[in-house]
Amino acid sequence: MVAGNMVGAAIIAVVIMASGLGASAASDFSVSSHSGRGLLTTASGFPWCQCIDYSCACSPYKVNFESSTQSGSLTTTCFSVAYIGCDTSRACCRGMLAAVDKLTFETTAACGVKSNIANITINGKRWPSWNPYPHPSGPGTGYELKIYNLKGNNGTFPGSKICITTKAPCSSLKDLCSSSPSGDCTRGAFCCKMDFAKMELPITTECKPELRRILINNEATTSYSWGFYDAFTTLKFPSLTKSLPAGPDGATLCWVVRPGACADPANFCLNGRCQVNIFSSDNKCCPATIVQEAAP
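Residues numbered from 1 in each chain as written. Predicted model: local features only at pLDDT ≥ 70, side-chain atom pairs only at ≥ 80, totals over all residues. Heavy atoms only, no water.

### Brief notes about the environment of R258
So, step 1. The residue R258 is located in the loop between β19 (252–257) and α4 (265–268) in this model.
So, step 2. Since its relative accessible area comes to 38%, R258 is described here as partly exposed.
So, step 3. As a C-alpha pair, R258 and R213 span 45 residues in sequence and 10.0 Å in three-dimensional space.
So, step 4. Not counting the four nearest positions on each side in its chain, R258 is found in contact with E210, R212 and A263. (Helix = DSSP H or I, 4+ residues; strand = E, 2+ residues; numbered from the N terminus. Buried < 20%, exposed > 50% of the residue type's maximum accessible area, 1.4 Å probe, protein only. Contact = heavy atoms within 4.5 Å.)

Written out as structure tokens, the structure reads:
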């Protein structure tokens, strides 16, 4: 992110480094080096993707059930990730070998409530980035549990141990995995072959009146919109497939605000962190990352 001054306004820019995005988008959009901790996800708000299926037939990974143990009212179910290979001539395969952003499990209504999931660990470490989500499924509602911000690749993801601790009524492997009584969980990983349709940035609501315009590759426009969630607002860069017909790689997206407190990205962005979420046209993928201010 680059901050500067132009015609009495503060300009904050995000430079997109998403080479090959049109073919595959298996990772966070890495704008600058950052651990990505604390990505904003809320069960009733942002980012909401109506994700029907994240599965890719060319996935090089398989998630295997390992164990299920009970301690008091809690049940801990563990899985391990195995490498099974894929056809490297396919862009999706290459993308998932290079980067893994999220893993999803098809689950049940009992486990689709966040209060019924006590904890998730990866390789023994508590993992904060996860949420269960409902989605339309035929005449009813389906549920999935998404684990975000894995920051993995083919060198680090295989061998990972993922443990999910639950409580009643989500108390068995059958409850956790809706796809099979034997516990063969339907899982999908990654966002494959997504386009670059929209970007959303959660902001401090008080800074909303300070925005003057946005810039896309240095072209000024007022064609932005707002997203209103329970506790905050987002600035939307819409219709990016039209604004960036050649694709997003190397594109610069800027927002321009009046001089003042909100000109500081730490004040403009929600909670002092500038998180960007990229959305596909079908709204099935919305990878996220937190960007940091770079030297001008």
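### A closer look at the packing of aromatic side chains
So, step 1. According to the stated counting rule, one finds five aromatic pairs in the structure shown.
So, step 2. Taken together, a centroid distance of 5.1 Å and an interplanar angle of 90° make the contact between Y61 and F157 edge-to-face. Of this pair, Y61 sits in strand β4 (residues 61–71) while F157 sits in the loop between β10 (140–147) and β11 (161–167), and the two are 96 residues apart along the sequence.
So, step 3. Relative accessible area serves as the criterion here: at 2%, Y61 is assigned to the buried category. (Phe/Tyr/Trp six-rings, centres within 6.5 Å; stacked < 30°, edge-to-face > 60°.)

### Here's the deal with the pairing of strand β5 (residues 74–83)
So, step 1. Note: β4 against β5, ten bridges, orientation antiparallel. Across the sheet, residue V63 finds its bridge partner in β5, namely V81.
So, step 2. The turn linking β4 back onto β5 is made up of two residues, and G72 within it adopts a positive phi angle of 65°. (Pairing = 2+ DSSP bridges.)

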